[in-house]
Amino acid sequence: MTAPRDPAGTQPAAGPTFWAIPQARHWLLWGVLLCAAVLTLGLTAQLVPGGSAAELVVDQDLSQHHAALLTGMAMVLNVVFGPAAGVVLVAAVALYLWVVHRSSVKAVAFGLVACSGWVASEFFKFIIARQRPNPALLFDPLSPETGSNSFPSGHVSFAVALGFALYFLAFGTRWAKVTAVAAVALALLVAWSRLYIGVHYPTDVAASFLAASAAVLLLAGLWNRFAPRILDRLTAAASGNPVQSNH
């Protein structure tokens, strides 16, 4: 990914500084291809006879080999990367960026990127509507869940998007590589926990990586393209000066 430079003259001197999100080349094409891959994976999982039953073997095997330490870790991740705790976590980091670093623009961008995984997962959940694994078929269901919102995993999608958001904050610093490795490791750990608990199929968590990545790629491109203009207008409105049009 590359960090596009801020367009010359996009910000008034007294206004907030625009923060460009690291952006992939051909972001629109990659975003669309990843979305298509998620849909293909989801429809295949739904339509192939016996597909879910074959995948359930993984959940059943994990359910028969629960250990106290692993169970405790999985249940903590279940809470931390759930909607309630996740909102608090994102809000805390965004507030830190806003108050301590005095960067309202970076705080907003971070929040949008971190939450984009949730948005993507809900979008695909609505389209695919895959039933969750039946907890009655598991040896030790730790947190039984039912419903047609199995594909993809919201927990994993959030973990992936949050990892991207944290990496973007570290981009260009000595912490970038460490943050990237930690983000990938954490997302994989959350993915394992969803299978260990028995609330998702393997294809659910695999699709989460694709869905969240697509959301982040598309958001980064749209942000870098349109956010400077929006910031211009907001700054001009706050100062009472009209925005000069280049058209």
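Residues numbered from 1 in each chain as written. Predicted model: local features only at pLDDT ≥ 70, side-chain atom pairs only at ≥ 80, totals over all residues. Heavy atoms only, no water.

### What about the overall build of the protein chain?
Thinking step 1. A count of helical and extended segments in the protein chain gives eight helices and zero strands.
Thinking step 2. Principal-axis analysis of the C-alpha atoms gives the protein chain an extent of 65 × 35 × 30 Å.
Thinking step 3. Among the 247 residues that make up the protein chain, the fraction classed as buried is 43%.
Thinking step 4. Here the analysis covers contacts within the protein chain between residues at least 6 apart in sequence; of these, 78% occur between residues at least 24 apart.
Thinking step 5. As presented, the protein chain carries roughly 13,100 Å² of accessible surface, and 69% of it is formed by carbon and sulfur atoms.
Thinking step 6. For the protein chain, the distance from the average position of its 13 positive side-chain charges to the average position of its 9 negative side-chain charges is 18 Å. (Helix = DSSP H or I, 4+ residues; strand = E, 2+ residues; numbered from the N terminus. Buried < 20%, exposed > 50% of the residue type's maximum accessible area, 1.4 Å probe, protein only. Contact = heavy atoms within 4.5 Å. Areas by Shrake-Rupley, 256 points an atom, 1.4 Å probe, with all protein chains shown as cover. Lys, Arg positive; Asp, Glu negative; His and termini not counted. Charge placed at Lys NZ, Arg CZ, Asp CG, Glu CD.)

### As for helix 3 (residues 68-80)
Thinking step 1. Taking 1.5 Å per residue, 13 residues should reach 18 Å; helix 3 reaches 18 Å between its end C-alpha atoms and fits that length.
Thinking step 2. Buried within helix 3 we find Thr71, Ala74, Leu77 and Asn78. Along the long axis of helix 3, the arc covered by the buried residues comes to 130 degrees, so they all point the same way. Every exposed residue of helix 3 that faces more than 90 degrees away from the buried side is listed here: Ala68, Leu69 and Val79.
Thinking step 3. Those residues of helix 3 hidden inside the fold are in contact with helix 6 (154-170) and helix 7 (176-197). (Expected span 1.5 Å × (residues − 1). Arc of directions from axis to C-beta.)

### Observations concerning the pattern of salt bridges
Thinking step 1. Overall, the coordinates contain four salt bridges when judged by the stated rule.
Thinking step 2. With a shortest N-O distance of 2.9 Å, Arg130 and Glu55 are connected by a salt bridge. Here Arg130, found in the loop between helix 5 (104-128) and helix 6, pairs with Glu55, found in helix 2 (residues 51-63); they are 75 residues apart in sequence, far enough to count as distant.
Thinking step 3. The exposure class of Arg130 is buried, given its relative accessible area of 1%.
Thinking step 4. Where Arg194 meets Glu145, a salt bridge forms, and the shortest distance between an N and an O atom there is 3.8 Å. Highlighted residues: Arg194 in helix 7 and Glu145 in the loop between helix 5 and helix 6, separated in sequence by 49 residues.
Thinking step 5. Residues joined in a network through salt bridges with shared partners are Glu55, Arg130 and Asp204. (Salt bridge = Lys/Arg side-chain N within 4 Å of Asp/Glu carboxyl O.)

### Thoughts on the nonpolar core
Thinking step 1. Formed by 36 residues in total, the largest nonpolar core has its most connected members in Ile21, Phe81, Phe110, Val113, Phe168 and Trp223.
Thinking step 2. Listed by contribution, the elements that provide at least two residues to this core are helix 4 (83-99), helix 5, helix 6, helix 7 and helix 8 (202-239).
Thinking step 3. Sort the elements by how many residues they give to this core and helix 6 lands first, with nine residues.
Thinking step 4. When near neighbours in sequence (up to four residues on either side) are disregarded, Phe81 contacts His155, Phe158, Ala159, Leu162, Leu186 and Val190.
Thinking step 5. Ranked by size, the runner-up nonpolar core spans eight residues in total, among them Ala120, Ala207, Ala211 and Ala215. (Core = buried A, V, L, I, M, F, W, Y, C linked by side-chain atoms within 4.5 Å.)

### Some words on a nonpolar patch on the surface
Thinking step 1. On the surface, Leu95, Tyr96, Trp98, Val99, Val100, Val108 and Leu112 cluster together into a nonpolar patch covering about 690 Å² of accessible area.
Thinking step 2. The biggest single contributor to the nonpolar patch is helix 4, with four residues.
Thinking step 3. Here Leu95 shows up in helix 4.
Thinking step 4. Under the relative-accessibility criterion, Leu95 is labelled exposed at 55%. (Patch = residues over 30% accessible without salt bridge, like charges linked within 9 Å, V, L, I, M, F, W, Y side chains within 5 Å.)

### Considerations on the side chain of Arg130
Thinking step 1. Engagement of the side chain of Arg130 in a polar contact is seen with the side chain of Glu55, the distance being 2.9 Å.
Thinking step 2. With sequence-adjacent residues up to four places away left out, Arg130 is seen in contact with Ala45, Gln46, Ser52, Glu55, Gly147, Ser148, Asn149, Ser150, Phe151, Tyr201, Thr203 and Asp204. (Polar contact = N/O pair within 3.5 Å; in protein donor to acceptor, adjacent residues only side chain to side chain.)

### Things to note about the confidence of the model for the protein chain
Thinking step 1. On average, residues of the protein chain carry a pLDDT of 90, and 90% of them reach 70 or more.
Thinking step 2. Here residues 6-13 is a poorly scored stretch, pLDDT under 50, and it has 13 contacts once near neighbours within four places are set aside; other chains count. (pLDDT = per-residue confidence, 0-100.)

### Structural notes on the side chain of His200
Thinking step 1. When you line up the elements, His200 lands in the loop between helix 7 and helix 8.
Thinking step 2. Here the side chain of His200 touches Arg132 through a polar contact of 3.3 Å, side chain to side chain.
Thinking step 3. From its side chain, His200 meets the backbone oxygen of Ser150 in a polar contact 2.7 Å long.
Thinking step 4. Look past the residues within four positions of His200 in its chain and what remains in contact with it is Asp59, Lys125, Arg132, Pro133, Asn149, Ser150, Pro152, Ser153, Arg194, Leu195 and Val205.

### Some points on helix 5
Thinking step 1. In this model, helix 5 (25 residues) spans 36 Å end to end at C-alpha, consistent with the 36 Å of a helix rising 1.5 Å per residue.
Thinking step 2. At Cys115, helix 5 shows its largest bend, some 35 degrees.
Thinking step 3. Where helix 5 terminates, the next one or two residues include Ala129, which has phi positive at roughly 50 degrees. (Bend = angle between axes of the 7 residues up to and from the residue.)

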